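Per-entry structural report
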Amino acid sequence: MGVNKSKSAFRSIAEVTEDLGIAPHVLRFWETKFNQIKPMKTKSSRRYYRPDDVELLSLIKELLYERRYTIEGVQKLFKNRSLKDILGTEIQKDFFEEEEEKAANEKISENHTVIENALKDLTSIRNELQVMANI
């Protein structure tokens, strides 16, 4: 924007989206996906972002657009972490990739169990139908 503000000044949604190069609807969508983003709102629902909000939004943009994380992946990174923890430490991507791989393997194991149970059910139904056909 044309006005140079102090780094500690609050920013409007227009200023933040221009600085980050994203559309306002994207920013509002991120607010629904990341509970760490908490802009101040006036009675007329105008949003004003604190410097920490802007820094967090910049990090989210980097993770999504440059590092190619999914929304769910970023949510996992932020899960159970305070804003200070998120912004105060560098994210170690390798650690989180291992965690995501572990979660994916657990999901595969769960799916395998579901498939095995479904196969048992189908086998049982087939056997019942064979018995009924021979009656």
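Residue numbering note: each chain is counted from 1, following its sequence as written. For a predicted model such as this one, the threshold for reporting local features is a pLDDT of at least 70, and the threshold for listing and counting side-chain atom pairs is 80 or more; totals across whole chains, interfaces and linings nevertheless cover every residue. Calculation of side-chain values draws on the structure's entire complement of heavy atoms; hydrogens and water are dropped beforehand.

1. Re the pattern of salt bridges
Any Lys or Arg side-chain nitrogen located within 4 Å of an Asp or Glu carboxyl oxygen qualifies as a salt bridge. The full count for this structure, using the stated rule, is four salt bridges. With a shortest N-O distance of 3.9 Å, Asp-19 and Arg-11 are connected by a salt bridge. In this structure, Arg-50 engages Asp-53 in a salt bridge whose closest nitrogen and oxygen atoms are separated by 3.3 Å. You can call Asp-53 buried: its relative accessible area is 3%. Between buried and exposed lies partly exposed: a residue is buried under 20% and exposed over 50% of the maximum accessible area for its type, with that area taken using a 1.4 Å probe on protein chains only.

2. Examining the confidence of the model for the protein
Every residue carries a pLDDT, the predictor's confidence in it, which falls somewhere between 0 and 100. Considering every residue of the protein, the mean pLDDT works out to 83; 84% of them sit at 70 or more. By the convention used here, residues are in contact when the closest approach between their heavy atoms is within 4.5 Å. Across residues 89–96, where pLDDT falls below 50, the model places 13 contacts with residues more than four positions away in sequence or in other chains.

3. Details of the side chain of Ser-12
Along the chain, Ser-12 turns up in strand β1 (residues 11–12). On the accessibility criterion, Ser-12 (13% relative accessible area) is buried. Ser-12 has contacts with Arg-46, Arg-47, Tyr-48 and Tyr-49, leaving out every residue within four places of it along the chain. Labels follow the DSSP assignment, with helices taken as runs of H or I lasting at least four residues and strands as runs of E lasting at least two, numbered in each case from the N terminus.

4. Examining the environment of Leu-87
Examined against the element boundaries, Leu-87 turns out to sit in helix α5 (residues 83–88). Setting aside its immediate chain neighbours within four residues, Leu-87 contacts Asp-52, Glu-55, Leu-56 and Leu-59.

5. Focus on the sheet that holds strand β3 (residues 47–49)
Across a sheet, strands are paired by hydrogen bonds formed along the backbone, either parallel or antiparallel in direction. Ordered by their spatial adjacency, three strands build an open sheet running β1-β3-β2, and the pairing between neighbours is antiparallel. Every interior strand has two partners, whereas the edge strands, β1 and β2 (40–41), have only one. In this analysis, strands are considered paired if DSSP registers two or more bridges between them. Pairing of β1 with β3, which is carried by two bridges, proceeds in the antiparallel orientation. Across the sheet, Ser-12 pairs through a bridge with Tyr-48, a residue of β3.

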